[in-house]
Amino acid sequence: MIKGLVSIIIPVYNGEEWLRCAIESALCQTYPNIEVICVDDGSTDASYELCKTFCYDCRFRLFHKENGGQASARNYGLNKANGEFVQFLDCDDTLDVETLSIATVYMSEDIDMVMYGFNVYRDNHLLRSPHCDNFLYNGEYD
């Protein structure tokens, strides 16, 4: 584990249509201490080939495994991760460039997780935004 490093794990299965945007949003974070781990879960489209185009970036790591489902691919990525923190990102989603810069501010020894909302778009039109305020929960989480 590398202190302060955030491992962004992207499980990939037949996501070539959206994958480039997902990877670029991960690599463009303003928080500098990241690694991006793509786990191709036996894709039958060109997802794996697309992922290979990002191997020029030393922060990017690519793995290929037989299809086992999203949870299997995430767990595979967790086993390869070097980060103190983990951010999961689906291959059809993107992160705002400041996501990790903001989230890491709230991370400390006594924090187990940081949760935040997301926007939903269709055809480049915003359908829904989160309506959450900052809050601190102290206790058991079910």
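Residue numbers here run from 1 along each chain, matching the order of that chain's written sequence. Since the coordinates come from a predicted model, pLDDT governs what is reported: local features require at least 70, and pairs of side-chain atoms require 80 or more to be given and counted, while whole-chain, interface and lining totals use all residues. Just so you know, side-chain values use all the structure's heavy atoms and leave hydrogens and water out.

1. Some details on the packing of aromatic side chains
For Phe, Tyr and Trp, rings pair up if their centres lie within 6.5 Å, where Trp contributes its six-membered ring, and each pair is then called stacked (planes under 30 degrees apart), edge-to-face (over 60) or tilted (otherwise). Tallied over the full model, the rule gives two aromatic pairs. The interplanar angle of 45 degrees and the centroid separation of 5.9 Å between the aromatic rings of Phe54 and Phe60 together place this pair among those described as tilted. Phe60 shares its class with Phe54; the two are buried. The criterion for a charge sitting over a ring is simple: Lys NZ or Arg CZ within 6 Å of the ring centre, and within 35 degrees of the ring normal. Sitting over the face of the ring of Phe88, Arg74 holds its NZ or CZ atom 4.9 Å from the ring centroid. Burial classification: accessible surface area is computed with a 1.4 Å probe over protein chains only, and a residue below 20% of its type maximum counts as buried, one above 50% as exposed, and the rest as partly exposed.

2. Points about the pairing of strand β1 (residues 2-12)
Burial analysis of β1 places nine of its 11 residues in the buried class, the great majority of the element. The rule for pairing is simple: two strands pair if DSSP sees at least two bridges between them. A helix here means a DSSP run of H or I that spans at least four residues, while a strand means a run of E at least two residues long, and both kinds are numbered starting from the N terminus. In this structure, β1 lies alongside strand β4 (residues 83-88), joined through five bridges in parallel fashion. Of the residues in β4, the one forming a bridge with Ile9 is Phe88. As paired elements, β1 and strand β2 (residues 34-41) share seven bridges and run parallel to each other.

3. A word on the nonpolar core
Core analysis: the largest hydrophobic core is formed by 22 residues, its most contacted members being Ile8, Ile10 and Ile23. Mapped by element, the contributors of at least two residues to this core are β1, α1 (16-27), β2, α2 (47-52) and β3 (60-65). In terms of residue count, the dominant contributor to this core is α1 (five residues). In what follows, a contact means two residues having at least one pair of non-hydrogen atoms within 4.5 Å. If near-sequence neighbours (up to four positions away) are discounted, Ile8 is found in contact with Ala26, Gln29, Ile34, Glu35, Val36, Ile37, Gln87, Leu89, Leu95 and Leu100. Grouped together as the second largest cluster of nonpolar side chains are five residues, Ile9, Ile37, Phe63 and Ala73 included. To qualify as a nonpolar core, a set must consist of buried Ala, Val, Leu, Ile, Met, Phe, Trp, Tyr and Cys residues joined through side-chain atoms within 4.5 Å.

4. Quick word on the sheet that holds β3
Across the sheet, four strands lie side by side as β3-β2-β1-β4; this open sheet has parallel pairing. Each edge of the open sheet is held by one strand with a lone partner, namely β3 and β4. Ignoring which end each strand starts from, the neighbouring axes of this sheet average 25 degrees apart. On top of the sheet, α1 reaches β1, β2 and β3; it is set at about 175 degrees to β1, its chief contact. Contacting β1, β2, β3 and β4, helix α3 (residues 70-80) crosses the sheet at an angle of about 140 degrees to β2. Each axis is a line fitted through C-alpha atoms, and for a helix only the stretch in contact is used; angles between axes span 0 to 180 degrees, taken between their N-to-C directions.

5. Let's talk about α1
By definition here, a helix of n residues has an expected span of 1.5 Å times n minus one. An ideal rise of 1.5 Å per residue puts 16 Å on 12 residues; α1 measures up with 17 Å between its terminal C-alpha atoms. Residues of α1 that are buried: Leu19, Ala22, Ile23, Ser25, Ala26 and Leu27. Taken together, the buried residues of α1 touch β1, β2, α2 and β3.

6. Quick notes on the environment of Lys80
With respect to the helices and strands, the residue Lys80 is situated in helix α3. When the C-alpha atoms of Lys80 and Ile9 are compared, they prove to be 9.5 Å apart, with 71 residues separating the residues in sequence. Leave out the neighbours within four places in its chain, and Lys80 touches Ile37, Arg61 and Phe63.

7. Side note on a nonpolar patch on the surface
Among the surface-exposed residues, Leu78, Val86 and Phe88 lie close enough to one another that they form a single nonpolar patch of about 220 Å² accessible area. Position of Phe88 relative to the elements: it lies in strand β4. Grouping into patches uses exposed residues only, defined as over 30% relative accessible area, and leaves out salt-bridged ones; the cut-off is 9 Å for like charges and 5 Å for nonpolar side chains (Val, Leu, Ile, Met, Phe, Trp, Tyr). Per-residue and other accessible areas were derived by the Shrake-Rupley procedure at a 1.4 Å probe size, with only the shown protein chains allowed to occlude residues. By convention in these notes, a salt bridge is any Lys or Arg side-chain nitrogen within 4 Å of a carboxyl oxygen on Asp or Glu.

8. Section: the side chain of Ser25
Of note, Ser25 is situated in helix α1. The class for Ser25 is buried, based on a relative accessible area of 9%. Polar contact criterion, stated in full: a pair of N or O atoms within 3.5 Å, where within protein one must be able to donate a hydrogen and the other to accept it, and residues adjacent in sequence count only if both atoms are side-chain atoms. Here the side chain of Ser25 touches Ala22 through a polar contact of 2.8 Å, landing on its backbone oxygen. Once residues lying within four places of it in the same chain are set aside, the contact partners of Ser25 are Leu89, Thr94 and Leu95.

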